[in-house]
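# Structural description and commentary
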Amino acid sequence: MIDTWAAAGAWSALVSSLGTPQLYDRYCKVLAECCDYAAEKEVAIVLKPHGGMCATGALCRKAIQRIAHESFTLMYDPGNIYYYSNGEIDPVRDVAAVDGLVTSMSVKDYKHPKKVAITPGTGQVDFPALMTRLAKGGFTHGPLLVETLAPGDPAHTLQEARKARKFVERICAAVR
(Lines give C-alpha, C1' and ligand atoms only; values in the text may rest on other atoms or scores of the structure.)
Protein backbone atom coordinates (compact mmCIF):
# COMPACT_ATOMS: atom_id res chain seq x y z
CA MET A 1 0.00 0.00 0.00
CA ILE A 2 2.81 2.41 0.81
CA ASP A 3 4.30 1.88 -2.66
CA THR A 4 0.91 2.65 -4.20
CA TRP A 5 0.55 5.84 -2.14
CA ALA A 6 4.05 6.94 -3.15
CA ALA A 7 3.44 6.14 -6.82
CA ALA A 8 0.27 8.24 -6.68
CA GLY A 9 2.24 11.16 -5.23
CA ALA A 10 0.45 11.04 -1.89
CA TRP A 11 2.35 12.68 0.95
CA SER A 12 0.19 11.08 3.64
CA ALA A 13 -2.15 8.19 4.28
CA LEU A 14 -4.97 8.25 6.82
CA VAL A 15 -5.52 5.66 9.54
CA SER A 16 -8.88 5.89 11.29
CA SER A 17 -8.88 2.71 13.34
CA LEU A 18 -6.55 0.95 15.69
CA GLY A 19 -8.64 -2.20 15.86
CA THR A 20 -10.40 -3.64 18.84
CA PRO A 21 -8.93 -3.75 22.34
CA GLN A 22 -7.88 -7.34 21.56
CA LEU A 23 -6.06 -6.31 18.36
CA TYR A 24 -4.72 -2.92 19.48
CA ASP A 25 -1.21 -4.13 20.30
CA ARG A 26 -0.91 -5.87 16.92
CA TYR A 27 -2.22 -2.81 15.04
CA CYS A 28 0.31 -0.58 16.75
CA LYS A 29 3.13 -3.05 16.09
CA VAL A 30 2.30 -3.28 12.37
CA LEU A 31 2.00 0.51 12.05
CA ALA A 32 5.32 0.99 13.83
CA GLU A 33 6.97 -1.53 11.49
CA CYS A 34 5.62 0.37 8.45
CA CYS A 35 6.79 3.82 9.50
CA ASP A 36 10.44 3.59 8.41
CA TYR A 37 9.47 2.37 4.95
CA ALA A 38 6.76 5.03 4.66
CA ALA A 39 9.32 7.67 5.63
CA GLU A 40 11.72 6.38 2.94
CA LYS A 41 8.90 6.86 0.44
CA GLU A 42 8.13 10.34 1.90
CA VAL A 43 4.66 9.30 3.03
CA ALA A 44 3.43 10.16 6.52
CA ILE A 45 0.95 7.85 8.21
CA VAL A 46 -1.68 10.04 9.85
CA LEU A 47 -4.02 8.95 12.65
CA LYS A 48 -7.47 10.53 12.92
CA PRO A 49 -9.83 10.21 15.90
CA HIS A 50 -12.58 7.87 14.76
CA GLY A 51 -14.05 6.05 17.73
CA GLY A 52 -12.89 2.92 19.49
CA MET A 53 -9.22 2.89 20.39
CA CYS A 54 -8.69 6.37 18.90
CA ALA A 55 -11.88 8.13 20.07
CA THR A 56 -10.24 10.90 22.10
CA GLY A 57 -7.12 13.00 22.15
CA ALA A 58 -5.77 10.99 25.09
CA LEU A 59 -6.21 7.70 23.21
CA CYS A 60 -4.59 9.17 20.10
CA ARG A 61 -1.62 10.38 22.20
CA LYS A 62 -1.25 6.90 23.67
CA ALA A 63 -1.10 5.36 20.19
CA ILE A 64 1.33 7.94 18.83
CA GLN A 65 3.61 7.47 21.83
CA ARG A 66 3.41 3.71 21.47
CA ILE A 67 4.25 3.79 17.74
CA ALA A 68 6.92 6.42 18.42
CA HIS A 69 7.90 7.48 14.92
CA GLU A 70 8.13 11.01 13.52
CA SER A 71 6.31 9.86 10.36
CA PHE A 72 3.25 8.82 12.39
CA THR A 73 1.27 11.98 13.08
CA LEU A 74 -2.19 13.20 14.03
CA MET A 75 -5.03 14.86 12.13
CA TYR A 76 -7.33 16.24 14.83
CA ASP A 77 -11.08 15.94 14.12
CA PRO A 78 -13.28 17.91 16.54
CA GLY A 79 -16.50 16.69 14.94
CA ASN A 80 -15.49 13.10 15.59
CA ILE A 81 -14.55 13.85 19.19
CA TYR A 82 -18.10 15.05 19.78
CA TYR A 83 -19.65 12.32 17.59
CA TYR A 84 -17.98 9.32 19.21
CA SER A 85 -18.54 10.68 22.72
CA ASN A 86 -22.24 11.26 21.99
CA GLY A 87 -21.70 14.99 22.42
CA GLU A 88 -20.15 14.62 25.88
CA ILE A 89 -16.49 15.50 25.20
CA ASP A 90 -15.82 19.08 24.13
CA PRO A 91 -12.94 19.10 21.65
CA VAL A 92 -11.69 22.45 22.99
CA ARG A 93 -10.88 20.66 26.26
CA ASP A 94 -9.91 17.34 24.66
CA VAL A 95 -7.32 18.84 22.29
CA ALA A 96 -4.93 19.66 25.14
CA ALA A 97 -4.16 15.94 25.32
CA VAL A 98 -2.49 16.12 21.90
CA ASP A 99 -0.32 19.20 22.37
CA GLY A 100 2.70 18.93 20.12
CA LEU A 101 1.26 16.10 18.00
CA VAL A 102 -1.24 17.72 15.62
CA THR A 103 -0.02 18.16 12.04
CA SER A 104 -3.40 18.72 10.36
CA MET A 105 -7.07 19.13 11.21
CA SER A 106 -10.38 18.06 9.80
CA VAL A 107 -12.55 21.17 10.04
CA LYS A 108 -15.65 19.15 10.84
CA ASP A 109 -18.53 20.41 12.98
CA TYR A 110 -21.14 18.54 15.03
CA LYS A 111 -24.78 18.92 16.01
CA HIS A 112 -26.40 16.72 18.59
CA PRO A 113 -27.57 14.06 18.18
CA LYS A 114 -24.89 12.44 16.02
CA LYS A 115 -24.88 14.81 13.06
CA VAL A 116 -21.63 15.72 11.29
CA ALA A 117 -22.92 16.24 7.74
CA ILE A 118 -23.08 19.99 8.32
CA THR A 119 -21.09 22.98 7.14
CA PRO A 120 -18.33 24.09 9.53
CA GLY A 121 -19.43 26.98 11.73
CA THR A 122 -23.04 25.83 11.98
CA GLY A 123 -22.71 23.38 14.86
CA GLN A 124 -21.38 23.03 18.38
CA VAL A 125 -17.61 23.14 17.80
CA ASP A 126 -16.18 26.43 19.04
CA PHE A 127 -13.64 26.72 16.23
CA PRO A 128 -12.12 30.06 17.30
CA ALA A 129 -11.39 28.65 20.77
CA LEU A 130 -10.22 25.35 19.28
CA MET A 131 -7.83 27.01 16.84
CA THR A 132 -6.46 29.18 19.64
CA ARG A 133 -5.91 26.08 21.80
CA LEU A 134 -4.31 24.20 18.90
CA ALA A 135 -1.89 27.09 18.32
CA LYS A 136 -1.04 27.13 22.03
CA GLY A 137 -0.27 23.41 21.73
CA GLY A 138 2.05 23.94 18.76
CA PHE A 139 -0.19 23.55 15.70
CA THR A 140 0.54 26.79 13.87
CA HIS A 141 0.48 25.55 10.27
CA GLY A 142 -0.58 22.50 8.34
CA PRO A 143 -3.44 21.23 6.24
CA LEU A 144 -7.01 22.08 7.21
CA LEU A 145 -9.50 19.76 5.54
CA VAL A 146 -13.18 20.66 5.24
CA GLU A 147 -14.51 17.11 5.38
CA THR A 148 -18.27 17.61 5.36
CA LEU A 149 -20.84 20.16 4.22
CA ALA A 150 -24.60 20.42 4.58
CA PRO A 151 -26.01 18.06 1.93
CA GLY A 152 -27.82 19.29 -1.14
CA ASP A 153 -27.74 19.56 -4.90
CA PRO A 154 -24.52 20.67 -6.66
CA ALA A 155 -25.40 24.39 -6.52
CA HIS A 156 -26.12 24.14 -2.78
CA THR A 157 -22.91 22.17 -2.20
CA LEU A 158 -20.88 24.85 -3.99
CA GLN A 159 -22.55 27.55 -1.88
CA GLU A 160 -21.78 25.62 1.33
CA ALA A 161 -18.18 25.05 0.21
CA ARG A 162 -17.74 28.80 -0.28
CA LYS A 163 -19.22 29.45 3.18
CA ALA A 164 -16.83 26.89 4.65
CA ARG A 165 -13.79 28.44 2.93
CA LYS A 166 -14.70 31.91 4.22
CA PHE A 167 -15.30 30.49 7.70
CA VAL A 168 -11.89 28.79 7.74
CA GLU A 169 -10.22 31.98 6.52
CA ARG A 170 -11.88 33.96 9.34
CA ILE A 171 -10.94 31.56 12.11
CA CYS A 172 -7.36 31.31 10.87
CA ALA A 173 -7.03 35.09 10.65
CA ALA A 174 -8.39 35.45 14.18
CA VAL A 175 -5.65 33.19 15.59
CA ARG A 176 -2.75 35.06 13.98
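Okay, so let's go over this structure. (Residues numbered from 1 in each chain as written. Predicted model: local features only at pLDDT ≥ 70, side-chain atom pairs only at ≥ 80, totals over all residues. Heavy atoms only, no water.)

### Let's talk about the environment of E42
The residue E42 is located in the loop between α2 (24–40) and β2 (44–47) in this model. Given a relative accessible area of 67%, E42 falls into the exposed group. With 19 residues separating them along the chain, E42 and L23 place their C-alpha atoms 27 Å apart. Those residues in contact with E42, other than ones at most four positions away along the chain, are A10 and W11. (Helix = DSSP H or I, 4+ residues; strand = E, 2+ residues; numbered from the N terminus. Buried < 20%, exposed > 50% of the residue type's maximum accessible area, 1.4 Å probe, protein only. Contact = heavy atoms within 4.5 Å.)

### Here's the deal with the pairing of strand β4 (residues 102–106)
Counting buried positions over the five residues of β4 gives four, a clear majority of the element. Sheet analysis places strand β3 (residues 72–76) next to β4, joined by three bridges and oriented parallel. By the bridge assignment, M75 is partnered in β4 with S104. As paired elements, β4 and strand β5 (residues 144–145) share two bridges and run parallel to each other. Bridge pairing links S106 to L145 in β5. Assessed by its sense of winding, the connection that carries the chain from β4 through helix α6 (residues 127–136) to β5 is right-handed. (Pairing = 2+ DSSP bridges. Right-handed = clockwise from strand over helix to strand, strands pointing away.)

### Observations concerning helix α3 (residues 57–67)
Listing the buried residues of α3 in full gives G57, C60, A63, I64 and I67. Each buried residue of α3 lies within a common arc of 125° when the element is viewed along its axis, so the set occupies one face. Those residues of α3 that are buried lie in contact with α2, β2, β3, α4 (78–84) and α5 (91–94). A68 sits one or two residues past α3 and shows a positive phi near 50°. (Arc of directions from axis to C-beta.)

### Remarks on the packing of aromatic side chains
Scanning all chains against the criterion turns up three aromatic pairs. The interplanar angle of 25° and the centroid separation of 5.2 Å between the aromatic rings of Y82 and Y110 together place this pair among those described as stacked. One end of the pair, Y82, is in helix α4; the other, Y110, is in the loop between β4 and α6, with 28 residues separating them in the sequence. You'll find Y82 and Y110 in the same group, each marked buried. Each ring, one from F127 and one from F167, has its centre 5.5 Å from the other, and the planes form 80°; the classification is edge-to-face. Placement of F127 in helix α6 and of F167 in helix α7 (residues 154–175) is noted, with a sequence separation of 40 residues between them. (Phe/Tyr/Trp six-rings, centres within 6.5 Å; stacked < 30°, edge-to-face > 60°.)

### Some points on α7
Along its 22 residues, α7 runs 32 Å from first to last C-alpha, staying within 8% of the 32 Å computed at 1.5 Å per residue. Within α7 the residues assigned to the buried category are E160, A164, F167, V168, I171 and C172. One side of α7 carries all its buried residues, which in axial view fall inside an arc of 125°. When the buried face of α7 is taken as reference, the exposed residues oriented beyond 90 degrees from it are A155 and R170. In this structure, the buried side of α7 is in contact with α6 and β5. (Expected span 1.5 Å × (residues − 1).)

### Some details on the pattern of salt bridges
Two side chains carrying opposite charge are able to pair once their charged atoms lie near each other. Tallying each qualifying case throughout the model produces 11 salt bridges. For D77, the salt bridge is made with K48, and the minimal N-O distance between the two is 2.6 Å. Residue D77 is located in the loop between β3 and α4, and its partner K48 is located in the loop between β2 and α3; the two are separated by 29 residues in the primary sequence. Side by side, D77 and K48 carry an identical accessibility label, which is buried. E160 is the partner of K163 in a salt bridge, and the nearest nitrogen-oxygen pair spans 2.9 Å. With K163 and E160 both in helix α7, this residue pair falls three residues apart, about one helical turn. Overlapping salt bridges, with partners in common, bring together K48, D77, K108 and E147 in one network. (Salt bridge = Lys/Arg side-chain N within 4 Å of Asp/Glu carboxyl O.)

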